[in-house]
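# Coordinate analysis (summary)
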Amino acid sequence: MPTNNQNSRRSHGWMGIHRGHKARPMEWLAEKFIFLVSLSAILMVLLIFLFVAREALPVFFGQTNTALVQKPIPPEDLEKHSAAELQAYLELTPEQYAKISKAGLRDLMSVKVDAQNDIPEDFRNDPDAQINTTEWQYMIKPHQWNGYAKPEYIWQPVGQVKKFNLIPLFIGTLKTTLIGLFFAVPLAVGAAIYVSQLARPRTREIVKPVIEMLSGIPSVVVGFFALIVMATVLQSVLRYETRLNAFVAGIALGFAVIPVIFSIAEDALTSVPRSYSQAALALGASRWQTAWQVVLPAALPGVFAATVLGFGRAIGETMIVLMVCSASVVSWNVFDSARSITTTIAAEMAEAVNGGPHYRILFMLGALLFAATFISNLIGDFVIHRFKQKLEGKR
Amino acid sequence: MKQLVTLLAAATLATSALAGNITVKGSDTLVILAQKWAEVYMGQHADTKIQVTGGGTGTGFAALQNQTTDLCDASRKIKAAELQKCMVAFGGSRPTEYKVALDGLSVYVNPENPVKELTLDQLKSIFTGKIKNWKEVGGADAPITVYSRENSSGTYEFFKEHVLKGQDFAASAQTMPGTAAIVQAVVKDKNSIGYGGAAYGGGSKMLSVKKDENSAAIDPTEENVENGTYPIWRYLYVYVNPALDKDEVGTYLRWIRSDEGQKYVKDIGYYPLPKNLRSN
């Protein structure tokens, strides 16, 4: 019947305004407002990624050039070149070009010539001065630079010949992150098992908030503590050579990651149905056996997800690693220093010439980091979701 | 839209000029001195307000070219790329460069280290990683731990160009976020070496530096830096858009470089300009 049809359509109303909210417009308004806020958060993430990627694009397309020695056009030849040629040579937009007088252009060209003349004699004939160090082969593969005995991975982005090899940074990032996880995962998961399965309710009510309070400590404070106290104590105990190294940074990083892993793992362990542990206990298993052999295996996907999210947190942590170690060495030895990607971005961005090759490469590193944390968070969320469904018997 | 922004920028600039506001941004090395100058100057000229912020020399130049600061503090000379950007922003004219103070760079070691002096060549070999053990330069048989600044620092670049002659720092050099952090690390670490402003060295031992094998070892004292015998020193600069270098800003810049302004340089630990570079 047509009338009935109309009625059912109308009950949907415009954006659900008639669906139960007829009498409470404020609630409807609040609901839509919250929806908008959450939408803007998603939009923000997208915009940040687009911005970072846009700044980094010239590196991907090979449009940056760091070759030290370039052939300059002498200022006297201003008239011999077309406007388009000069714009390309001086890196000007047409509007900027139009604003500058002939004398200004000549001066701008003489700056280019001066810059070439300022190159020290030693570097003028250096074969390294001719190459564009932002090509991928120099950023990924080792190269035998002038003055080095063998091909090496070098990150030295400031100086005459700028060296942008990314390998030391990748190694440094992975090294500190993995040390942090090796330290944090057993402790955090152990604490989660204890709190969710073994502890008495009163103990649980004290221990849980205290561990979660760790995440409230600003990472700069953790870093400072590691720099001043932990570095000295660990060195006197373990007697290694370099006082500030990846090991100290990793342990300090662990403190930042423990609360993340703990609360997610604890959540996963608690959400295992009580019938599991009740059945185990009824069959004569001890509380320890129940926790270790029944509940933990059932919650394993959740614990895995906690680890992956902890990884995402650790790889993106800046301040702790920045304060404790920052030498860009290529070494997997945990007692050597390390330089992470986050450290590099934080320490170097302020001084990188706006829009220059160094600036672009730092943005590219940021984009890579963004992708890494995004993927690890995605995996973590996906696994948790599957795990919850499985426990609820939906699959 | 663009015109609106320029209009707004022009309006803010105009008001700031009228109210006697001066913004200063740039080098972290210079920030304490710049604050001292601002403080004294504002005490004498109640109608002038000076805002000083740090952030690094590169940040200062970026602000200068975006015209969000009047003065840019710099612990190194402007680079060709920055000069070009500034010239484009200023419609073709170069930013004016003023030398405002001298800074001597000291080499710090742990007070327990028996080494007292090094030549420039030895310093270069140590910081590039060619010399790895203290016994090669007359010290104990122990590996050298090298501390350096972040490569964003003007001090880093100066040291790299003038002591390392443009060669790379050893990859194992630990980079620290500031001179105070280097001193702190050197004091804690027996076999370490670091560098930084002479003003910061408290607690560590400052080495005497020899130009070459045969010359005398020179301490980084005020006298030696001012007369140029100590080999590792540099100028500190202020850059300004020439269009703004008049009225209040011009007066302030002249005052900084006068005998009166240079009086305060020593309090901060840097060295005043030689007489012939001053404004009076």
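Scroll up to find the structure this text is about.
The shown structure was predicted, so the numbers you read here are calculated from the model rather than taken from an experiment. (Residues numbered from 1 in each chain as written. Chains lettered and ligands numbered in written order. Predicted model: local features only at pLDDT ≥ 70, side-chain atom pairs only at ≥ 80, totals over all residues.)

## Topic: the overall build of chain A
This is how the line gets drawn: By definition, any uninterrupted DSSP run of H or I lasting at least four residues is a helix, any uninterrupted run of E lasting at least two residues is a strand, and each is numbered from the N terminus. The reference for a compact globule is 2.2 Å times residues^0.38; the radius of gyration itself is calculated from the C-alpha atoms. Exposure is read from a count of other C-beta atoms within 10 Å of each residue's own; the residue is exposed at 12 or fewer, buried at 20 or more and partly exposed in between. C-beta atoms are placed from the backbone. Whether two residues are in contact depends on their C-beta atoms, placed from the backbone: they are in contact if these lie within 7 Å.
Scanning chain A from terminus to terminus reveals 16 helices and two strands. The C-alpha radius of gyration computed for chain A amounts to 29 Å, which surpasses the reference 21 Å derived for 395 residues by more than 25%, pointing to a less compact arrangement than a globule. Summarising its shape, the C-alpha atoms of chain A cover approximately 95 × 80 × 35 Å along the three principal directions. Buried residues in chain A amount to 35% of all 395 residues. Once local pairs closer than 6 in sequence are excluded, the contacts in chain A between residues at least 24 apart make up 76%.

## Quick look at the overall build of chain B
Within chain B one finds eleven helices and eleven strands. Relative to a compact globule of 280 residues, whose C-alpha radius of gyration would be 19 Å, chain B shows 21 Å and is just as compact. Judged by the C-alpha coordinates and their principal axes, chain B covers about 65 × 40 × 30 Å. Burial status across chain B gives 48% buried among its 280 residues. Of the contacts made within chain B by residues no fewer than 6 positions apart, 69% connect residues no fewer than 24 positions apart.

## Remarks on the environment of tyrosine 98 of chain B
Residue and element names in this part refer to chain B. With respect to the helices and strands, tyrosine 98 occurs in strand E4 (residues 96-109). For the pair tyrosine 98 and asparagine 191, spaced 93 residues apart in sequence, the C-alpha separation works out to 40 Å. The residues contacting tyrosine 98, other than those within four sequence positions of it, are Tyr237, Val238, Leu253 and Arg257.

## Re the interface of chain B and chain A
Contact with chain B, which involves 38 residues of that partner, is made by 45 residues of chain A. When residues of the side of chain B that touches chain A are assigned to their parent elements, the largest contribution, seven residues, is made by helix H4 (residues 80-89) of chain B.

## Concerning the nonpolar core
Among soluble globular proteins, nonpolar side chains are generally buried collectively. How we decide: Among buried residues, those of type Ala, Val, Leu, Ile, Met, Phe, Trp, Tyr and Cys that are joined through C-beta atoms within 7 Å form a set called a nonpolar core.
Core analysis: the biggest nonpolar cluster contains 155 residues, and Ile261, Ala265 and Val324 of chain A have the highest contact counts within it. With residues near it in sequence (within four places) discarded, alanine 265 of chain A still touches Ala188, Val189, Ala192, Gly302, Val303 and Ala306 of chain A.

## Some words on the packing of helix H15 (residues 341-348) of chain A against helix H16 (residues 357-391) of chain A
Relative orientation and spacing of two packed helices are given, respectively, by the angle between their axes and the distance between those axes. Residues and elements named next belong to chain A. Here is the rule we go by: Fitted lines through C-alpha atoms serve as axes, helices being fitted only where they are in contact, and the angles separating the N-to-C directions of these axes extend from 0 to 180 degrees. By convention, the crossing between two helices is left-handed when the near helix turns anticlockwise from the far helix through less than a right angle, and right-handed when the turn is clockwise.
It is at 10 Å that the axes of H15 and H16 come closest, and there the two elements cross at 145°. Note on packing geometry: the crossing formed by H15 with H16 is left-handed. Contacts from Ile341, Thr342, Thr344, Ile345 and Glu348 in H15 reach Leu362, Leu365, Gly366 and Leu369 in H16.

## A look at H16 of chain A
How we decide: One less than the residue count of a helix, multiplied by 1.5 Å, gives the span that helix is expected to have.
Taking 1.5 Å of rise per residue, the 35 residues of H16 of chain A would be expected to cover 51 Å, and the 51 Å separating its terminal C-alpha atoms lies within 8% of that figure. One or two steps after H16 of chain A, the chain reaches glycine 393 of chain A, where phi turns positive at roughly 75°.

## Some details on the pairing of strand E8 (residues 192-197) of chain B
Residues and elements named next belong to chain B. Heads up, the condition is: Strand pairing is assigned whenever DSSP detects at least two bridges linking the two strands.
Counting buried residues along E8, six of its six residues qualify, which places the element largely inside the surrounding structure. Bridge analysis of E4 against E8 gives five bridges, and the strand direction is antiparallel. Of the residues in E8, the one forming a bridge with serine 106 is glycine 196. Relative to E8, strand E6 (residues 145-149) is paired through two bridges, and the arrangement is parallel. Within the sheet, the bridge partner assigned to threonine 145 lies in E8 and is serine 192.

## Thoughts on the packing of helix H12 (residues 274-282) of chain A against helix H13 (residues 287-316) of chain A
Residue and element names in this part refer to chain A. Stated formally: Working rule for angles: under 35 degrees goes down as roughly parallel, over 145 as roughly antiparallel, 65 to 115 as roughly perpendicular, anything else as oblique. Each residue gets one label: Ala, Val, Leu, Ile, Met, Phe, Trp, Tyr, Cys and Pro are nonpolar, Asp, Glu, Lys and Arg are charged, and the others, such as Gly, are polar.
In the contact formed by H12 and H13, the axes pass within 10 Å of each other and the chain directions differ by 155°. Judged by the inter-axis angle, H12 sits roughly antiparallel to H13. Every pair of crossing elements has a handedness; the one defined by H12 and H13 is right-handed. Across the interface between the two elements, Tyr276, Ser277, Ala280 and Leu281 of H12 pack against Thr290, Val294, Val295 and Ala298 of H13. Of the residues belonging to the contact of H12 with H13, the class tally is six nonpolar, two polar and no charged.

## Focus: the environment of aspartate 219 of chain B
In this structure, aspartate 219 of chain B sits in the loop between strand E10 (208-210) and helix H8 (222-226). Dropping the residues within four chain positions of it, aspartate 219 of chain B is found in contact with Ser208 and Asn224 of chain B.

## Brief notes about unusual backbone geometry
With a phi angle near 60°, arginine 239 of chain A is a residue other than glycine that sits in the positive phi range. Along the chain, arginine 239 of chain A turns up in the loop between helix H10 (219-238) and helix H11 (246-270). Although it is not a glycine, aspartate 247 of chain B sits at a positive phi angle of roughly 50°. Take aspartate 247 of chain B: it is sitting in helix H9 (residues 247-256). Among the residues examined, aspartate 247 of chain B registers 11 C-beta atoms within 10 Å and is labelled exposed.

## Re the environment of alanine 367 of chain A
Residue and element names in this part refer to chain A. Positionally, alanine 367 belongs in helix H16. In sequence terms alanine 367 and valine 52 are 315 residues apart; their C-alpha atoms lie 6.0 Å from each other. When sequence neighbours within four positions are dropped, the list of residues in contact with alanine 367 reads Val52, Ala53 and Ala56.

## A closer look at the pairing of strand E2 (residues 49-55) of chain B
Residue and element names in this part refer to chain B. For clarity, the cut-off: Think of it like this: strands point away, you trace from the first strand over the helix to the second, and a clockwise trace means the crossover is right-handed.
Here E2 shows a buried face lined by Ile50, Val52 and Gly54 and an unburied face lined by Lys49, Gln51, Thr53 and Gly55. As paired elements, strand E1 (residues 21-26) and E2 share six bridges and run parallel to each other. Of the residues in E2, the one forming a bridge with threonine 23 is glutamine 51. Once you follow E1 into helix H2 (residues 31-44) and on to E2, the crossover reads as right-handed.

Coordinates in, geometry out; function isn't part of it.
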